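Chains, contacts and geometry: an overview
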Amino acid sequence: VQLVESGGGLVQPGGSLRLSCAASGFTFSLYDMSWYRQAPGKERELVARISSAGGRINYARFVKGRFTISRDNAKNTVYLQMNSLKPEDTAVYYCYVRVATDYWGQGTQVTVSS
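**Here's the deal with the state of the cysteines**
- Summed over the entire model, instances satisfying the criterion amount to 1 disulfide.
- The disulfide bridge from Cys21 ends at Cys95, spanning 2.1 Å between sulfur atoms. An S-S torsion of about -85 degrees defines the bridge between Cys21 and Cys95 as left-handed. Highlighted residues: Cys21 in strand β3 (residues 17-24) and Cys95 in strand β9 (residues 91-99), separated in sequence by 74 residues.
- What makes Cys21 buried here is its relative accessible area of 0%.

**With respect to the sheet that holds strand β7 (residues 67-72)**
- Here we have 4 strands laid out as an open sheet, ordered β1-β3-β8-β7, and antiparallel in their pairing. Of all the strands in the sheet, the pair left with one neighbour each is β1 (2-6) and β7. Taking the axes of each pair of neighbouring strands and ignoring which way they run, one obtains an average angle of 15 degrees across the sheet.
- Note that β1 and β3 share 5 bridges and pair antiparallel. Paired with Ser6 across the two strands is Ser20, which belongs to β3.

**A closer look at the nonpolar core**
- Ranked by size, the top nonpolar core spans 29 residues in total, and within it Met33, Trp35, Val78, Leu80, Met82 and Tyr93 carry the most contacts.
- Secondary-structure elements contributing two or more residues to this core are β3, β4 (33-38), β5 (45-50), β7, β8 (77-82), β9 and β11 (108-112).
- Looking at this core element by element, the count peaks at 5 residues for β9.
- The contact partners of Met82, leaving out residues within four places of it in the chain, are Gly15, Ser16, Leu17, Leu19, Arg66, Phe67, Tyr93 and Val110.

**Observations regarding the pairing of β11**
- Burial along β11 is one-sided: the face carrying Thr108, Val110 and Val112 is buried and the face carrying Gln109 and Thr111 is not.
- Where strand β2 (residues 9-11) lies against β11, 3 bridges are found, and the strand directions are parallel. Among the inter-strand pairings, Val11 is bridged to a residue of β11, identified as Val112.
- As paired strands, β9 and β11 are joined by 3 bridges and run antiparallel to one another. Among the inter-strand pairings, Tyr93 is bridged to a residue of β11, identified as Thr108.

**What to know about the side chain of Glu5**
- Structurally, Glu5 is set in strand β1.
- Look at Glu5: it is buried, it has no salt bridge, and the nearest opposite charge is Arg44 at 7.5 Å.
- Polar side-chain contacts of Glu5 include one of 2.7 Å to the backbone nitrogen of Cys95.
- Only 2.9 Å separates the side chain of Glu5 from the backbone nitrogen of Gly107, close enough to count as a polar contact.

**Topic: the environment of Leu10**
- Position of Leu10 relative to the elements: it lies in strand β2.
- Separated by 45 residues in the primary sequence, Leu10 and Gly55 have C-alpha atoms spaced 31 Å apart.

Thresholds, definitions, all that
- Residues numbered from 1 in each chain as written.
- Predicted model: local features only at pLDDT ≥ 70, side-chain atom pairs only at ≥ 80, totals over all residues.
- Heavy atoms only, no water.
- Disulfide = S-S within 2.5 Å.
- Helix = DSSP H or I, 4+ residues; strand = E, 2+ residues; numbered from the N terminus.
- Buried < 20%, exposed > 50% of the residue type's maximum accessible area, 1.4 Å probe, protein only.
- Pairing = 2+ DSSP bridges.
- Axes fitted to C-alpha atoms, helices over the stretch in contact; angles between N-to-C directions.
- Core = buried A, V, L, I, M, F, W, Y, C linked by side-chain atoms within 4.5 Å.
- Contact = heavy atoms within 4.5 Å.
- Lys, Arg positive; Asp, Glu negative; His and termini not counted.
- Salt bridge = Lys/Arg side-chain N within 4 Å of Asp/Glu carboxyl O.
- Polar contact = N/O pair within 3.5 Å; in protein donor to acceptor, adjacent residues only side chain to side chain.

This is how it looks when you write it as structure tokens:
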């Protein structure tokens, strides 16, 4: 199993970013996918989760209405569209899947600062 995130960077408050996670090594369309984040000095926390077919989505309270998780099972990719970014959204964002055990990507840094 391999998860490779991309799309992070430096953005001003109020800006947008789109994260991507390219998955391989398992049957992507059969598994729920999640985005987590970890800010400096804080525990890793769930941001959003999407079911295998995309019909069930859950968001953390702190991102609801600003972030959108989606997936393309034909491309084995899950996305996180982040709008109205705030400085407190600064963190390393990780892609996650549980295929018998936990798998994490390497993470992509998102920095929201003026």
